[in-house]
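So you can see what is in the structure, the chains are spelled out below.
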Amino acid sequence: MDEWTWADVGARVAEARSVRGFSQEQLAETTGMDRSAIAKIEVGGRKLNSLELAAIGTALDRPLSWFVTPPAPVVASRRAQPTQRDDRAGEYELEDCLRDLRTLVDAAALGTASRGGPVAPFTADDAPAVLAAASDARSRLGADPGKPLLNLANCVERTGLYAWSTPIGPQGVDGCYAALGDLGVAVINSTLDAGRRRSTLAHEFGHHILADAYSADWGVDTSDHERAIDAFAAALLFPPGATDRYRQLREEHRLRPAVIVLAAEYRVSWSVALRQLRGYEAIDSDEYRSLDRSSPTRADYMEAGIQVVEELPEGHVPTGVRAAAVHAYRTYKISATRSLEIIRDKQLHREDLGQPHPVPLEALRGEVGAFLP
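Scope of this entry: the structure provided in the associated data block. On a predicted model such as this, the values are computed, not experimentally measured, just so you know.

1. Digging into the overall build of the protein
For step 1, the next point in the chain: From N to C terminus, the protein includes 19 helices and 4 strands.
For step 2, the next point in the chain: Taking the principal axes of the C-alpha coordinates as reference, the protein spans close to 75 × 60 × 40 Å.
For step 3, the next point in the chain: Counting over 373 residues, the protein shows a buried share of 45%.
For step 4, the next point in the chain: Long-range pairs, those at least 24 residues apart, make up 66% of the contacts in the protein with a sequence separation of at least 6.
For step 5, the next point in the chain: On the protein, roughly 19000 Å² of surface is accessible, and the fraction owed to carbon and sulfur atoms is 51%.
For step 6, the next point in the chain: On the protein, the mean spot of the 42 positive side-chain charges and the mean spot of the 53 negative ones are 2 Å from each other.

Here's what the structure looks like:
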């Protein structure tokens, strides 16, 4: 196994078992192995055959390749740092997505994308700098000034940021990010409500354009850097130009219904809408407090005739990644099994991928000719 040893494999088994919440006895029972065998495996004292490792992977919901390859360097270095929070579930998802993206990069199946140069650093308390960074980012995404930024996951792909949405759980991170060269991977916790998922992706996009190497975001972080990116994300999704639309709505509706419609149009949470409107001085402090005490319900949206559009639903895989996975299979770069792993659609089967593209005759002659005298 070259430099990756059986002790490393065993450590991965122990980690995955812990995250899954299994005891050694439970894992042994699920896989049909002895508990003593599991104990030896986890300390590197026993090798596994492919069937045993596959059984453990199925029980712990980990792909086979995860056990036999080291984590991405940026994730591995993060794990070595002490933390009071358990980021492992999010990190495992991040590893899987990084591995999928690297497969497609190595297969030359992904189109080129550039985030552009990193924006100048800014602080949360420097409102003009935050707004300037958000305005620049909206331009990179091709967004109209002041208009809602819809289908955010597809938009950020233009800058080389690929976003997955997966159920990390209510106790897990809101989202995490890691760089892969000039590209970036964002994993969003689909357990969050729709508005918070978009805010989390906007936050990870902030890490991307600031050229950060890694982040694990828990939604509430008082560090200066995270506060600055939170402010950037809010301005990205709800720019100053939204106040023009707010004034139009106020001509037609009372205060609360107007803000309900506005938040739905910009697809942001109630708290983000209120905070931004107050920051732009579109509402006063009394109006803010009144609205803050009365978050809208589903019935309020129904009464307003609003159909809430939820982006980043559970199981979302980047559009470009799925397209690249099919193309890589059809051009003989990856196997059908690997393509389906990357696509992550349980309704899709081998036959749905179609047939690989025919190899041009001239290409075959060139290959054969290379071996002829």
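2. A closer look at the nonpolar core
For step 1, the next point in the chain: In this structure, Leu201, Phe205 and Phe232 are the most contacted members of the largest nonpolar core, which totals 54 residues.
For step 2, the next point in the chain: Residues Leu180, Val187, Ile343 and Leu353 belong to the second largest nonpolar core, which totals 32 residues.

3. Focus: the pairing of strand S2 (residues 175-180)
For step 1, the next point in the chain: Burial runs high along S2: 5 of the 6 residues are buried.
For step 2, the next point in the chain: Pairing geometry for S2 and strand S3 (residues 183-189), over 6 bridges, is antiparallel. Pairing of Ala178 across the sheet is with Val185, part of S3.
For step 3, the next point in the chain: Between S2 and the antiparallel strand that follows it, S3, lie 2 residues; Gly181 among them carries a positive phi value of about 65°.
For step 4, the next point in the chain: Where S2 meets strand S4 (residues 214-217), 4 bridges bridge the pair, whose relative direction is antiparallel. For Cys176, the partnering residue across the bridge sits in S4 and is Ala216.

4. A few points about the sheet that holds S4
For step 1, the next point in the chain: Strand order in this open sheet of 4 strands is S1-S3-S2-S4, and the pairing throughout is mixed. A strand with exactly one partner marks an edge of an open sheet, and here the two such strands are strand S1 (161-166) and S4. This sheet shows a mean twist of 15° between the axes of neighbouring strands, independent of strand direction.

5. Side note on the packing of helix H1 (residues 6-20) against helix H4 (residues 50-60)
For step 1, the next point in the chain: It is at 10 Å that the axes of H1 and H4 come closest, and there the two elements cross at 25°. The angle between H1 and H4 places the two elements in the roughly parallel class. Seen from above, H1 lies across H4 with left-handed handedness. Of H4, the residues touching H1 (which contributes Val9, Val13, Ala16, Arg17 and Arg20) are Leu53, Ile56, Ala59 and Leu60.

6. Here's the deal with the layout of surface pockets
Gaps between atoms show up when a probe of the same size as a water molecule is rolled over them.
For step 1, the next point in the chain: Its boundaries defined by the atoms lining it, the largest pocket holds a volume of some 1100 Å³.
For step 2, the next point in the chain: For the largest pocket, the lining is made up of 31 residues, of which Asp61, Arg62, Glu93, Asp96 and Arg344 are closest to its centre.
For step 3, the next point in the chain: Contributions of two or more residues to the lining of the largest pocket are made by H1, helix H5 (64-68), helix H7 (88-106), S1 and helix H18 (336-343).
For step 4, the next point in the chain: No other element matches the 6 residues that H7 contributes to the lining of the largest pocket.
For step 5, the next point in the chain: Tallied by class, the residues present in the lining of the largest pocket amount to 12 nonpolar, 6 polar and 13 charged.
For step 6, the next point in the chain: Within this model, the second largest pocket holds a volume of roughly 860 Å³.
For step 7, the next point in the chain: In terms of lining, the second largest pocket is formed by 39 residues, of which the most central are Asp193, Ala194, Gly195, Arg196 and Ser269.
For step 8, the next point in the chain: Mapped by element, the contributors of at least two residues to the lining of the second largest pocket are helix H10 (194-209), helix H11 (224-237), helix H13 (255-266), helix H14 (270-279) and helix H16 (298-303).
For step 9, the next point in the chain: Top contributing element to the lining of the second largest pocket by residue count: H10, with 7 residues.
For step 10, the next point in the chain: By residue class, the composition of the lining of the second largest pocket is 17 nonpolar, 9 polar and 13 charged.

7. Let's talk about H7
For step 1, the next point in the chain: Taking 1.5 Å of rise per residue, the 19 residues of H7 would be expected to cover 27 Å, and the 26 Å separating its terminal C-alpha atoms lies within 8% of that figure.
For step 2, the next point in the chain: For H7, the tally of buried residues reaches 14 of 19 residues, placing the bulk of the element in the interior.
For step 3, the next point in the chain: Ala108 occupies a position one or two residues after H7 and carries a positive phi of about 55°.

8. Considerations on the pattern of salt bridges
A side chain with one charge can pair with a side chain of the opposite charge if their charged atoms come near.
For step 1, the next point in the chain: Evaluated as defined, the whole model comprises 21 salt bridges.
For step 2, the next point in the chain: Between Arg12 and Glu95 there is a salt bridge, and its shortest N-O distance comes to 2.7 Å. Remark: Glu95 occurs in helix H7 and Arg12 occurs in helix H1; sequence separation between them is 83 residues.
For step 3, the next point in the chain: Between Glu42 and Arg17 there is a salt bridge, with the nearest N and O atoms lying 2.6 Å from each other. Taken together, the positions of Glu42 in helix H3 (residues 35-42) and Arg17 in helix H1 put the pair 25 residues apart, joining distant regions of the chain.
For step 4, the next point in the chain: The exposure class assigned to Glu42 is buried, which follows from its relative accessible area of 12%.
For step 5, the next point in the chain: Take Arg17: its relative accessible area is 15%, and that puts it in the buried class.
For step 6, the next point in the chain: Salt bridges sharing partners connect three or more residues here, namely Arg12, Arg62, Glu95, Asp96 and Arg99.

Parameters at a glance
Residues numbered from 1 in each chain as written. Predicted model: local features only at pLDDT ≥ 70, side-chain atom pairs only at ≥ 80, totals over all residues. Heavy atoms only, no water. Helix = DSSP H or I, 4+ residues; strand = E, 2+ residues; numbered from the N terminus. Buried < 20%, exposed > 50% of the residue type's maximum accessible area, 1.4 Å probe, protein only. Contact = heavy atoms within 4.5 Å. Areas by Shrake-Rupley, 256 points an atom, 1.4 Å probe, with all protein chains shown as cover. Lys, Arg positive; Asp, Glu negative; His and termini not counted. Charge placed at Lys NZ, Arg CZ, Asp CG, Glu CD. Core = buried A, V, L, I, M, F, W, Y, C linked by side-chain atoms within 4.5 Å. Pairing = 2+ DSSP bridges. Axes fitted to C-alpha atoms, helices over the stretch in contact; angles between N-to-C directions. Parallel < 35°, antiparallel > 145°, perpendicular 65-115°, else oblique. Left-handed = near helix turned anticlockwise from the far one by under 90°. 1 Å grid on protein atoms, 1.4 Å probe; cavity = no way out; pocket = protein on both sides within 12 Å on 5 of 7 lines; lining within 4 Å. Points joined across faces, edges and corners; volume = space filled by probe spheres on them. Nonpolar A, V, L, I, M, F, W, Y, C, P; charged D, E, K, R; others polar. Expected span 1.5 Å × (residues − 1). Salt bridge = Lys/Arg side-chain N within 4 Å of Asp/Glu carboxyl O.

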